[in-house]
Amino acid sequence: MKTTVCLISLSLLLAACGPSAEQTKLLSDFKSTVEQLASQDKSFQEAEQSMEKMHAEMEQKHNELKAKGVEMPAHDSIIAVHQKLTKAHEEMHERHKKMIADYQAKVESFTKKMPPVEELKKAYASAMSDLDNLKKDYETMKADHDQMHKDHEQMEADHAKLATDSNKKKK
């Protein structure tokens, strides 16, 4: 009984002292990683919005040509691929948003009640792994955008050539 009272007293005393330096550092690192995840995802979303705008403009020009009776099957294929990529990027972004929200909830929970060191280490390692994966997703998306940009440039050149050829025929 005396041992139990001593253990309870020691436990209460340790709890009153606050988190250890290791816990504080791990929590700080975890928060920083979650902030990096959110920042990286914001960059991802901004790049996606820019590409969507460019793609919508190109698709509008293409549709205007189609309405005039100009068929460009290669451009139809490019547009279809771009639409699939855009959908895949949107789904990826939704997964990222959910993951980040989950981590932010953990940060809030950990801030209110400091977990044991092992739980913090596990959460931090998981967040670091997800940050690496998010960076890889972002690099893949950037490569997709670079290819889309090249495709848009080719479509623009094709449209300009068509306009030039059309003007020559009128003269």
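Here the structure is a predicted model, which means the values were calculated and not measured.

Trainee: Describe helix H2 (residues 21-67), and please don't skip the residues or the numbers.
Mentor: An α-helical turn contains 3.6 residues, so a residue and the one three or four places further along point in the same direction. The end-to-end C-alpha separation of H2 is 68 Å, in line with the 69 Å expected for 47 residues at 1.5 Å each. Gly69 lies just past H2 and shows a positive phi near 95°.

Trainee: Tell me what's going on with the packing of aromatic side chains, and back it up with residues and numbers.
Mentor: Scanning the entire structure with this criterion turns up three aromatic pairs. Among the aromatic residues, ring-to-ring pairing joins Phe30, Tyr103 and Phe110 into one connected group.

Trainee: Tell me about the nonpolar core, and name the residues and values.
Mentor: In this structure, Phe30, Leu37, Met99, Tyr103 and Phe110 are the most contacted members of the largest nonpolar core, which totals 16 residues. Those elements that place two or more of their residues in this core are H2, helix H3 (73-112) and helix H4 (117-170). Per element, the largest residue contribution to this core is six residues, and it comes from H4. For Tyr103, the residues in contact, after removing those within four places along its chain, are Phe30, Val34, Leu37, Ala123, Ser126, Ala127 and Asp130.

Trainee: Residues and numbers for the side chain of His152, please.
Mentor: Summarising the element assignment, His152 is placed in helix H4. In contact with His152, other than residues within four places in its own chain, are Met51, Met54, His55, Met58 and His82.

Trainee: Can you lay out the pattern of salt bridges for me, pointing to particular residues and giving the numbers?
Mentor: One pass over the structure, following the stated rule, counts ten salt bridges. A salt bridge links Asp102 to Lys98, with the nearest nitrogen and oxygen atoms 3.1 Å apart. Of this pair, Asp102 and Lys98 are both found in helix H3, four residues apart, which corresponds to roughly one turn of the helix. The exposure class of Asp102 is partly exposed, given its relative accessible area of 42%. For Lys98, a relative accessible area of 54% puts it in the exposed group. Linked by salt bridges that have partners in common, Glu22, Glu118 and Lys121 make up one network.

Trainee: If you had to explain the packing of H2 against H3 to someone new, which residues and values would you point to?
Mentor: One way to put it is that H2 packs onto H3 with a least axis distance of 9 Å and a crossing angle of 160°. For the element pair H2 / H3, the angle class is roughly antiparallel. Between H2 and H3 lies a crossing whose hand is left-handed. Along the lines of polarity and charge, the residues of the contact of H2 with H3 split into 13 nonpolar, twelve polar and ten charged.

Calculation notes
- Residues numbered from 1 in each chain as written.
- Predicted model: local features only at pLDDT ≥ 70, side-chain atom pairs only at ≥ 80, totals over all residues.
- Heavy atoms only, no water.
- Helix = DSSP H or I, 4+ residues; strand = E, 2+ residues; numbered from the N terminus.
- Expected span 1.5 Å × (residues − 1).
- Phe/Tyr/Trp six-rings, centres within 6.5 Å; stacked < 30°, edge-to-face > 60°.
- Core = buried A, V, L, I, M, F, W, Y, C linked by side-chain atoms within 4.5 Å.
- Buried < 20%, exposed > 50% of the residue type's maximum accessible area, 1.4 Å probe, protein only.
- Contact = heavy atoms within 4.5 Å.
- Salt bridge = Lys/Arg side-chain N within 4 Å of Asp/Glu carboxyl O.
- Axes fitted to C-alpha atoms, helices over the stretch in contact; angles between N-to-C directions.
- Parallel < 35°, antiparallel > 145°, perpendicular 65-115°, else oblique.
- Left-handed = near helix turned anticlockwise from the far one by under 90°.
- Nonpolar A, V, L, I, M, F, W, Y, C, P; charged D, E, K, R; others polar.

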